[in-house]
Amino acid sequence: MEIKIQKTTAPKAKPADETKLGFGHIFTDHMFVMNYDAGQGWHDARIIPYGEISLSPAAMCLHYGQEIFEGLKAYRTADGSVQMFRPDENFKRMNVSAERMVIPQIDEEFVLGALKQLVEMEKDWVPHTDGASLYIRPFIFATDPYVGVKPADHYLFMIILSPSGAYYSTGLNPVKIYVEEKYVRAVRGGTGFAKTAANYAISLKGQDEAHNQDYEQVLWLDGVEQKYIEEVGSMNIFFVIDGEVITPQLTGSVLPGITRKSSIELCKKWGMKVTERRITIQEVAEAYDAGKLDEVFGTGTAAVISPVGHLKWGDKIMTINDNKIGAVSQKLYDTMTGIQYGKLPDEFGWIFKI
Ligand SMILES: *Cc1c(COP(=O)(O)O)cnc(C)c1O
């Protein structure tokens, strides 16, 4: 499929102060769009000026939430070139999400090429400041003007780009989280493994209550017994117990993070013992009491590695590693960001150059 290009006639000024970018507020000059119509498939791939879209008030995505998305970044290296980290994994995962949400499959090679073309066009928008990057948001949603419940026949696939600031402006700061015992995020047979808006809508109430109590995030337990640890908001979770790296296995209710996968691959390469298995909050608390809970950290594209310094479960408050970043967390962070920004060699073939 050919990609039509329509360039903006009114390019926006690039942000003057990259230290004030924040996350997800500013968008570049262009976006990628293509349509899907039943019987015709995906068509009309185009790169057009970034702008508002028109939708019927009856558009199905607005009523029943048939939507999926992805999140990845483009990084500027010291020599000025631009590169992405494992973007093929994002589109592979997008098709897994699509299958669950009865959204038509996309051609992974094609959309990767389209993304490359879009980022190439917008490369001056990729920030130069260390730690800052161009956040990439591909998404698909149902557009049929119909308020009946069924999988849609019409969809839009879009990619928008947002220059974003360094997640940690003052270094890797450990976060405060608590174990959520009232609400659940995902259940057996549900959509936990899919990157879909619904999972976030469900999580907002717990998130809001956590913020009101001065906590950054909640740690979700499984939705059936509320015993087994699943993940944190938009991050997967890891524990280092007595030198062993443990992360919840992918049982269908946990999002299969690419940072999670990369962290497992790196730890294995370093000869560490890494285990993917079910782990209860009880086990974590017992390890803490025995002085064996060395580190807890979250993994995700936004923060890469987010050390947990303070974990609350009911009345029990666990202060992990003296509220300081641990050795494994630091090494993962340094290695992953080193590869992303081109400071370290790409031994795994994770880098996709623009
Ligand atoms: C996107 C996401 C993650 C992290 O995945 P990465 O591919 O590492 O960015 C973790 N949990 C949830 C719920 C997510 O949506």
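Residues numbered from 1 in each chain as written. Predicted model: local features only at pLDDT ≥ 70, side-chain atom pairs only at ≥ 80, totals over all residues. Heavy atoms only, no water.

Any details on the pattern of salt bridges? Residues and values, ideally.
Should the charged atoms of two oppositely charged side chains come close, the side chains can pair. Applying the stated criterion across every chain, the model contains 19 salt bridges. Two residues, R86 and E89, come together in a salt bridge whose shortest N-O distance is 3.9 Å. For the residue pair R86 and E89, the accessibility class agrees, reading buried in each case. Here K205 and E209 are joined by a salt bridge, their closest N and O atoms 3.6 Å apart. Linking K205 with E209, this pair stays in helix α4 (residues 197–212), spanning four residues, or about one helical turn. The exposure class assigned to K205 is partly exposed, which follows from its relative accessible area of 46%. One network of salt bridges, with partners in common, ties together R86, E89, K92, K261 and E265. (Salt bridge = Lys/Arg side-chain N within 4 Å of Asp/Glu carboxyl O. Buried < 20%, exposed > 50% of the residue type's maximum accessible area, 1.4 Å probe, protein only. Helix = DSSP H or I, 4+ residues; strand = E, 2+ residues; numbered from the N terminus.)

Give me the site of the ligand: which residues, what numbers.
The ligand sits among 15 residues. The nearest are K195, Y200, E231, T259 and T301. At 2.5 Å from a nitrogen atom of the ligand is found a side-chain nitrogen or oxygen belonging to E231. Within the backbone of I258, an N or O atom sits 2.8 Å from an oxygen atom of the ligand. About the coverage of the ligand: the protein hides 96% of its 380 Å² of free accessible area. With respect to the pocket detection grid, the ligand is positioned in the largest pocket. Put simply, the parts of the chain that give the shell around the ligand at least two residues each are β12 (235–241) and α5 (258–269). Class assignment of the residues belonging to the shell around the ligand gives a composition of four nonpolar, seven polar and four charged. (Near = heavy atom within 4 Å. Polar contact = N/O pair within 3.5 Å; in protein donor to acceptor, adjacent residues only side chain to side chain. Areas by Shrake-Rupley, 256 points an atom, 1.4 Å probe, with all protein chains shown as cover. 1 Å grid on protein atoms, 1.4 Å probe; cavity = no way out; pocket = protein on both sides within 12 Å on 5 of 7 lines; lining within 4 Å. Sits in = over half its atoms within 2 Å of the grid points. Nonpolar A, V, L, I, M, F, W, Y, C, P; charged D, E, K, R; others polar.)

Tell me what's going on with empty space enclosed by the protein, and back it up with residues and numbers.
Rolling a probe over the atoms, with the probe sized like a water molecule, indicates the empty space that remains. Throughout the structure, instances matching the rule amount to two cavities of 30 Å³ or more. Considering only enclosed or pocket space, the largest cavity measures out at about 110 Å³ in volume. In terms of lining, the largest cavity is formed by G71, L72, K73, Y75, F85, N90, I258, T259, G300, T301, V304 and Q340. For the lining of the largest cavity, the secondary structure elements donating two or more residues are β5 (72–76) and α5. For the lining of the largest cavity, the element with the most residues is β5, which contributes three residues. When residues of the lining of the largest cavity are assigned to domains, at least three map to each of domain 1 (4–164) and domain 2 (175–340). For the second largest cavity, the calculated volume is near 30 Å³. Going through the elements one at a time, β15 (293–300) and β16 (304–313) are the ones with two or more residues in the lining of the second largest cavity. (Points joined across faces, edges and corners; volume = space filled by probe spheres on them. Domains from an automatic or database assignment.)

Can you explain unusual backbone geometry? Please cite residues and give values.
Within the chain, N321 stands out as a residue other than glycine whose phi angle is a positive 50°. Along the polypeptide, N321 turns up in the loop between β17 (316–319) and α7 (327–340). At N323, a position not held by glycine, the phi torsion is positive, near 65°. Summarising the element assignment, N323 is placed in the loop between β17 and α7. With relative accessibility at 40%, the residue N323 sits in the partly exposed group.

Go over the pairing of β12 with me, naming the residues and quoting the values.
In terms of burial, β12 is largely enclosed, as seven of its seven residues are buried. Side chains M235, I237, F239 and I241 of β12 all project onto a buried face; the interleaved residues N236, F238 and V240 project onto the opposite face, where all are buried too. The pairing of strand β11 (residues 229–232) with β12 spans two bridges and is classified as antiparallel. Following the sheet pairing, E231 is matched in β12 by N236. (Pairing = 2+ DSSP bridges.)

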